[in-house]
Amino acid sequence: LGLCLHWYFCLLAETPLWLLLQIAPIKNERDLVVLFLLTFRDITALKQPIESDDSKGGLSKFAKLARSVTRSRSVLVSQFSSHLPNLKDTTKQSHLAHMMSLNADVMPQYRQEAPKTPPHILLHYCAFKAIWDWIILCLTFYTAIMVPYNVAFKNKTSEDVSLLVVDSIVDVIFFIDIVLNFHTTFVGPGGEVVSDPKVIRMNYLKSWFIIDLLSCLPYDVFNAFDHDEDGIGSLFSALKVVRLLRLGRVVRKLDRYLEYGAAMLILLLCFYMLVAHWLACIWYSIGRSDADNGVQYSWLWKLANVTQSPYSYIWSNETNSPELVHGPTRKTMYVTALYFTMTCMTSVGFGNVAAETDNEKIFTICMMIIAALLYATIFGHVTTIIQQMTSATAKYHDMLNNVREFMKLHEVPKALSERVMDYVVSTWAMTKGLDTDKVLNYCPKDMKADICVHLNRKVFNEHPAFRLASDGCLRALAMHFTMSHSAPGDLLYHTGESIDSLCFIVTGSLEVIQDDEVVAILGKGDVFGDSFWKDNAIGQSAANVRALTYCDLHTIKRDKLLEVLDFYQAFANSFARNLILTYNLRHRVYFYKLINNK
C-alpha cells in the first residue's frame, strides 16, 4: 500500500522522492504520513509528526531524512547526487523568465516570487501584457495617422467598407484594452504591487478611463449612417487622437525589451514624422477653406493650375451656394502638403510651394516656431543618443591611442609593445570595456554574491570539490574569486615566485616550462597552483607557466581560500579530499638520463 501510494504521489507532484525510499525505506504508518506531506511540500504540517516522534524518541530514519530535506533541499541533492547522476529540474518556466533568470545549477535559492493575485487579475509586467502594449502602440500610431487624414480630407468611412471594418476592429481592440485595464495590477505610491480589484478599478476610473472611453467609441460606425458630408460625427472622430496620450505609458516600458537608445531614436523619428503629418493635414484644410471661400490665389489653387487640373464652381441647390469641384487628386494634394511641412520643419522651404493668403501666412509662422523648437529638441536628443551608442568605440580608440603614446614615450621594445597591444585588444574584446568591480559595487552585498556565484558557475559545476559546498560556502568563495584574461605568450608564473593563488582554467591552453623543457600542457578544467590547505608554508614556483592561446582564468588567493576553509570545516575536509590538483608548481620534475650500455 505504501509503495502504491508513493508512486501515485510522485507522479502527481513530479518529484524524485524514490531516492529517499532507496536510502531510507518506509517502516510504519507514521512514515507514510510524512511521505504524503513531503510530497505536497506541506512543511508546516510536516513538522508536527516529526517533532512528536522525536519527542518520544522514536524518530525513524526516513523521518529524520525528511526533516533534513525540509530544512535544506540543497543538502539532499549534494549528499546523494552520486545515486542520481543526471538530476534535472523539470519545472517549466516561461521563455521571458528564463532569459531574466541567472539559470545556474549551483546558484543560491534567490527567487522573487510573483505576488498572489486573484485568477482574473493580470500582472502589469507579465509577457502577455508586454505584447499587448506593443499592439496598442501600433494601433495608436495607426489612429493618430488616419483620424487627422480622414477629418482634413473629409474621407467618409462609409464609402470604403474595408476601411470601416479595420476601424471597427481597432475600436473593439481599444475597448478590450479598457476591460483589461480594469483587471491589471499597478505599482502603488510606496512601490508595492496593488492587486486588489476594487483599488485597481478606482485607480483606473480616476486616471485614464474617460480618455480611453472617448477614444474607443465607434464614431466611424455612426458616420456610416450620416449622409451629411459636414456631419458632426466626422469631427467627433478626431477625439480618437487622444489615444496618443497613451504613448507616455508605453514608452516607459520599452526600455525593458529594447536598447534604450535605439527605442528612443525610433520613437523620436516617428513622432517627428507624425507631427509633420498633422501639420500637412492642417495646411490642406486651410487651403481648401480659402478655395471654398472664393480665394483663387491660395496654394491649393496654384497647385491645380500647375498640375493642369483646375478647379471649377458649380451651383449647389442643396446649399444655395457655389461648390468647388474637380482639381488635383487627393494623393497629389496630400504629398504636396507633406512636402511643404517637411521643408519648413527642416529648413526655410524652397519656394515652389509657398503661403499666399493671410491664413496660410499666419499658419506658416506658427509652424516655423513650433518646428524650430521641435527640431532642436528631437535632433538634439538624436545626437546625444548616437553619441551614447558610439561612446564605447570612442573609448576603445582613446585607450589604444594612450597605450601607443605610452609605448613611444618610454621607448618600450617592439616585441613587448606588440604583446601589450595584443593583450589590450583581446581583453577589450572579452570585457567590452566594462569594469566588473565597478558594476558589482553598485549592488548590495546579497545581490553581489549572487552575481559572483553566477560568474564562477563553470568552476563550481565542473569540479567535484565544490559539490558538497552549501549555499553560504559557495557565496563566500565566489566573492573572493577573480577573473583574468591572458594572451598567447603571457607568463603567469615565473620560476622562484611565491605561489599565492589557486588557478582554475576555464578556457584556453597553457604550458609548464622547467629548465627550458615543457613538462606539462594544461587546458580547460585543469587546476594548478599549490596545495596550501595541506601545507601552510608558502612555496616557490619550480617552473614557468606560459599561455599558449587566449585563456580565461578564475583565481582565488591563498589567504582568502584558507579563511573560507577555516570557517567551513565540513567543506574543508571534502575540498581537500576531492580537489584534483592537475599540476603542483611547488614540486620539481626530475629527469633521469638512461644510458644503454651495449
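Residues numbered from 1 in each chain as written. Predicted model: local features only at pLDDT ≥ 70, side-chain atom pairs only at ≥ 80, totals over all residues. Heavy atoms only, no water.

A. Seen up close, the overall build of the protein chain. When helices and strands are counted, the protein chain shows 26 helices and 13 strands. Residues classed as buried in the protein chain amount to 38% of the 598 residues present. Of the accessible surface of the protein chain, which amounts to about 35600 Å², a share of 60% is contributed by carbon and sulfur atoms. (Helix = DSSP H or I, 4+ residues; strand = E, 2+ residues; numbered from the N terminus. Buried < 20%, exposed > 50% of the residue type's maximum accessible area, 1.4 Å probe, protein only. Areas by Shrake-Rupley, 256 points an atom, 1.4 Å probe, with all protein chains shown as cover.)

B. Up close: the pattern of salt bridges. A full pass over the atoms with the stated rule returns 12 salt bridges. In this structure, the salt-bridge partner of Arg475 is Asp446, at a minimum N-O distance of 2.5 Å. Separated by 29 residues along the polypeptide, Arg475 in helix H24 (residues 471-480) and Asp446 in helix H22 (residues 445-455) bring together distant segments of the chain. By relative accessible area, Asp446 is classed as partly exposed at 34%. Between Asp500 and Lys557 there is a salt bridge, with its nearest N and O atoms 3.4 Å apart. Note that Asp500 is positioned in the loop between strand E6 (491-493) and strand E7 (501-507) and Lys557 in strand E12 (residues 551-557), a separation of 57 residues in sequence. What makes Lys557 partly exposed here is its relative accessible area of 46%. (Salt bridge = Lys/Arg side-chain N within 4 Å of Asp/Glu carboxyl O.)

C. Layout of the sheet that holds E12. The mixed open sheet is built from 5 strands, whose spatial order is E5-E12-E7-E10-E13. Only two strands of the sheet have a single partner each, and these edge strands are strand E5 (481-486) and strand E13 (583-584). When E7 meets strand E10 (residues 527-529), the two strands line up antiparallel, connected through 2 bridges. Its bridge partner being in E10, Cys503 is matched across the sheet by Phe528. Packing against the sheet, helix H25 (residues 558-567) makes contact with E7 and E12, and its axis sits at approximately 60° to E12. (Pairing = 2+ DSSP bridges. Contact = heavy atoms within 4.5 Å. Axes fitted to C-alpha atoms, helices over the stretch in contact; angles between N-to-C directions.)

D. Examining the UniProt feature "transmembrane region" (unreviewed entry) in the protein chain more closely. When the UniProt feature table is mapped to this numbering, "transmembrane region" (unreviewed entry) covers residues 131-149, 262-286, 333-355 and 362-382. Overall, residues 131-149 shows 100% helix and 0% strand. The separation of its end C-alpha atoms is 28 Å. Taken end to end, residues 362-382 is 100% helix and 0% strand, and its two terminal C-alpha atoms sit 30 Å from one another. (UniProt positions renumbered as here; feature names shortened; annotations may be inferred.)

E. Quick look at helix H9 (residues 161-181). Here H9 is 21 residues long and its end C-alpha atoms lie 30 Å apart, about the 30 Å a rise of 1.5 Å per residue gives. Buried within H9 are the following residues: Leu163, Asp167, Val170, Asp171, Phe174, Asp177, Ile178, Leu180 and Asn181. (Expected span 1.5 Å × (residues − 1).)

F. Fine view of the packing of aromatic side chains. Inspection of every chain in the model, using the stated rule, returns 26 aromatic pairs. Residues Phe466 and Phe571 carry aromatic rings whose centres are separated by 6.4 Å and whose planes lie at 25° to one another, so their mutual orientation is stacked. With Phe466 in the loop between helix H23 (457-462) and H24 and Phe571 in helix H26 (residues 569-578), the pair connects residues that are 105 residues apart, well separated along the chain. A connected cluster of aromatic rings, assembled from ring pairs, spans Phe460, Phe466, Phe481, Phe504, Phe532, Trp533, Phe571 and Phe575. (Phe/Tyr/Trp six-rings, centres within 6.5 Å; stacked < 30°, edge-to-face > 60°.)

G. View of the sheet that holds strand E9 (residues 517-522). Spatial strand order, E6-E11-E8-E9: 4 strands in an open sheet with antiparallel pairing. Two strands close off the open sheet at either side, each with one partner strand: E6 and E9. Averaged over all adjacent pairs, the angle separating strand axes in this sheet is 30°, with direction ignored. With 5 bridges connecting them, strand E8 (residues 510-514) and E9 associate as antiparallel partners. Residue Gln514 lies in a different strand from E9, and its bridge partner there is Glu517.

H. Local environment of a nonpolar patch on the surface. On the surface, a nonpolar cluster with roughly 290 Å² of combined accessible area is contributed by Ile210, Leu213, Leu214 and Leu217. Tracing the backbone through its elements, the reader meets Ile210 in helix H11 (residues 209-216). (Patch = residues over 30% accessible without salt bridge, like charges linked within 9 Å, V, L, I, M, F, W, Y side chains within 5 Å.)

I. Region of the structure containing the side chain of His463. Locating His463 in the fold gives a position in the loop between H23 and H24. If we ignore the near neighbours within four places in the chain, the residues touching His463 are Phe504, Gly525 and Val527.

J. Representation of the environment of Val403 within the structure. Along the chain, Val403 turns up in helix H19 (residues 391-409). Separated by 18 residues in the primary sequence, Val403 and Met421 place their C-alpha atoms 7.5 Å from one another. Setting aside chain neighbours within four positions, we find Val403 in contact with Val420, Met421 and Val424.

K. View of the nonpolar core. Within the largest apolar cluster, 38 residues are counted, with the highest numbers of intra-cluster contacts made by Trp299 and Met345. Element by element, the count of residues in this core is highest for helix H15 (residues 260-292), at 13 residues. Contact partners of Trp299, with chain neighbours within four places excluded, come to Trp283, Tyr284, Gly287, Met333, Thr336, Ala337, Val353, Ala354 and Glu360. Judged by nonpolar contacts, the second largest core, of 27 residues, contains Phe466, Leu474, Leu502 and Val564. (Core = buried A, V, L, I, M, F, W, Y, C linked by side-chain atoms within 4.5 Å.)

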